[in-house]
Every structure is written in C-alpha cells, then in structure tokens.
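Below, each chain spelled out in residue letters.
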Amino acid sequence: MQSCSSTGSKDRLIGGVLILTLLVLTGVGLWKTSGRQAPNRIAPDRIAVVRRCRAVMGTDCTLAAVVRPGKEAQAEEVLEKAEAVLRRAEARMSSWLDDSEIGRLNAAGAGQQVPLSPQTLEVLRLARRANVQTGGAFDVTCRPLVELWRSAGECGEVPGRAELAEARAASNWELVELGDSGVTKLKATARVDLGGIAKGWAVDRAVDVLRRAELSGGMVDVGGDLVCFGAPPEGESWPVDVQHPLGPGHLATLRLPSGAVCTSGGYARFIEIGGKRYSHIIDPRTRRPAEAALSVTVVAADAVTADIWATALSVLGPEGLKQLPDGVEAMMMVGTEEDHKMLCTPGFHDLLEEPLAERLTVWEANVE
Ligand code: AMP
Ligand code: MG
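My aim in this report is to walk through the structure given alongside it, one point at a time. (Residues numbered from 1 in each chain as written. Chains lettered and ligands numbered in written order. Predicted model: local features only at pLDDT ≥ 70, side-chain atom pairs only at ≥ 80, totals over all residues. Heavy atoms only, no water.)

**Quick word on the site of ligand 1**
Neighbouring ligand 1 are 16 residues; Asp139, Asp193, Ser264, Ile282 and Thr311 lie closest to it. At 2.8 Å, a side-chain N or O of aspartate 193 approaches an oxygen atom of ligand 1. Glycine 195 is positioned with one of its backbone polar atoms (N or O) 3.5 Å from an oxygen atom of ligand 1. Surface burial for ligand 1 is 95%, taken as the share of its 500 Å² of free accessible area covered by protein chains. Each residue belonging to the shell around ligand 1 can be placed in one class, and the counts come to 7 nonpolar, 5 polar and 4 charged. (Near = heavy atom within 4 Å. Polar contact = N/O pair within 3.5 Å; in protein donor to acceptor, adjacent residues only side chain to side chain. Areas by Shrake-Rupley, 256 points an atom, 1.4 Å probe, with all protein chains shown as cover. Nonpolar A, V, L, I, M, F, W, Y, C, P; charged D, E, K, R; others polar.)

Printed below as a string of structure tokens:
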C-alpha cells in the first residue's frame, strides 16, 4: 500500500475543542482545530484521529475515526486499512490505468470474455441499473465521447457531427455483456469509464471498514464524495460545507447525522475551447458536454447512489429532480456564471444550516 505524503500524515486532534469543516468539491477535506485543549474544560470523551492522503483516485482524501481517548493506535490501524481499500478500488477500476481491470477491458477485442473481480462486476452492474433508472443520462459506456472531448480540449477544436456520431456508435450498453465472472464486448470499440461511480462505491467500501471497527463515528471524504456516520468529534451531527462553485467560500453548510454527500460540477474539472468552458460530464443524448447545471450536490444513504445521481442530474438538470428515488435529495445551481439560480428538494432544504450564500428556491414535485 502506498503511504501518505508528508501533508498526508496522521494528525491527532482533540475532539473537545475541534471545529470540523469538510470542504466538499475541492477534493480537500480540511479539519480545522483550535490546536490546544482549552483550560478548565472537562476531558473529552471522544477524539478524532484524522488521516489525510494524496493522490487517491486522482484527488486527495481525508479519513477520520472518532474514538474514546486511548484508542488512537487502533483508529490509525483502521484508517490505514480503509485507505488501502480506496487504493485497491482505484487499481481495479480506473480507466486511466492500462493495467487496471477496466484498462484491460477497454483494450480487449470483441468476443472474448475478460475476467473481472466481483467488485468491478458489481460496480458495472450498478452502473447498468443506473443507466435504466436515469433514462440513459448516466452512461458509463460513453467513454469514447469522454476521450473525444478530452482531446478536443487539447487541440482546441469542437468535434464535428460525424466524429460525435462515430464515438457514440462505438460504445453503448448493447455492446457490453456482463457475465458472472467477466465481461464480453460485442465490438472491440466498446469502452467504459467508471469515473462517475467508482469513487462513491469505494468510499462506501472504506466506510464499511470503519463501521466494522468499534468506533464512535467515522468519515471518509474522497475529493468531495463523502460519507459520515455515528458520533462526530463534537456535537450531534456532522457539518459538511459545500464549496461555492463560482468562487471562494461556501455555498452552504449541511448538517448530517449520517449519510453520503456527493457533488458534481463542470467548474472543478472542465475543458476550454475558444474561451468557452465545457463540462467533463457528457450528455449521452446530445453527445456534447452537459450544460444543465453548474453544480449538483446530492445527499443519499450511501455514496454510490449520491455519486450516480450527482452525475445524472448534471445531465438532466431540474427535470431530473422528478426522477429522484426516495431518500435521495439534491441541490443544484443552474444558469450561467453571470445569471444563475439555486434549486433544492424539500428534504435537502431541511438539512441546510442558515445563512446560505445564495437565494434558494425549494423545488416541489407538484409545482411546475
Ligand atoms: P462525477 O465527477 O462523479 O460527476 O463523474 C464525472 C466522470 O464520469 C467524468 O469525468 C467521466 O469520467 C464520467 N462520465 C462523464 N459523463 C458521464 C455520464 N453521462 N454518465 C456516467 N459517467 C460519465
Ligand atoms: Mg458521480
């Protein structure tokens, strides 16, 4: 397992004086602390052991274990295991690594089954189900389009109609057969990209490791895909700051007793052609970068669900809010940098702490 860099070293923080700020979206989870325990305070009954890691799934991550004082060594061991789970998921599922399972699948010819681990197959099955559930908006088979727009950003030219049609025809779910122990492609050009789902899935698995240990609470944040559970280091619920997509500062702070928060947005990773910014998320229907939302934040019980819907709503925009399954809540910024508005579901609104940086309209399913 790769160890953390110097900035990724383990910090031990005293829970009684801890102010927690999770910066979602930047990929940097930052825990602020006043540093020392204030005099005349009762000794804390729980403390947070924090591990910060660099270059996990293309971003930074923060893992935290809340334990009783004296259990720090155990917490550090658990956090190390959780980090290893994240790195294993990346080694298996990254489409940017030639020797990952997905790298081998994408390079494979037609007609031969490519053996895959049960973990990668599980993510592919979830992705296929999400494709149906989101009416095609979430589509991991649009890898050739992702690659086409990426190289368009490099050469500074918008792809033509024919190129876009070719990239779409090269890969779709009809060309990818999921078996019990592997995948068979019906055309060599079929390729998948788990960038919109694997991080959420991996965060859930890392949290499984923390949940199995005897912790008071815990948190895993990989580049803005975050799950928290149990007791926070201080107070009753976990504060999660959502970074403002258009500038410095926070858009909102959420208060979560437990659950997942994932954010997608073109402002964080984008390509630029002729001075115009294009999202890294593709609308499979138009074959062009999604333009329906500047930023989407989703809350769900688990990170894989939140990750899927944050990407899907970036494609679907406000219309997609009607399709959200029970227990999934969302907030989105729509419009342009100069003229935008914020929408959220009533359930999301209930989780928000005032004041908000932007005026927010609560979207009601029965009001058009
Ligand atoms: P996220 O940041 O979770 O929204 O994921 C974005 C990443 O998912 C992109 O960088 C692509 O790798 C991949 N992707 C792009 N468009 C889609 C789409 N329509 N459905 C599923 N994955 C996508
Ligand atoms: Mg996603």
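Further notes follow.
**Brief notes about the packing of aromatic side chains**
The tally for this structure, following the rule as stated, stands at 1 aromatic pair. Summarising the aromatic geometry, the rings of tryptophan 149 and tyrosine 278 are spaced 5.6 Å apart at their centres and angled 35° between planes, so their arrangement reads as tilted. Of this pair, tryptophan 149 sits in helix α4 (residues 143–155) while tyrosine 278 sits in strand β15 (residues 276–279); the two residues are 129 residues apart in sequence, bridging distant segments of the chain. Note on tryptophan 149: relative accessible area 2%, which makes it buried. For arginine 143, the ring lying beneath its charged end belongs to tryptophan 96, and the centroid distance is 3.9 Å. When the ring centre of phenylalanine 270 is taken as origin, the NZ or CZ atom of arginine 277, which lies over that ring, is 4.0 Å away. (Phe/Tyr/Trp six-rings, centres within 6.5 Å; stacked < 30°, edge-to-face > 60°. Helix = DSSP H or I, 4+ residues; strand = E, 2+ residues; numbered from the N terminus. Buried < 20%, exposed > 50% of the residue type's maximum accessible area, 1.4 Å probe, protein only. Lys NZ or Arg CZ within 6 Å of the ring centre and 35° of its normal.)

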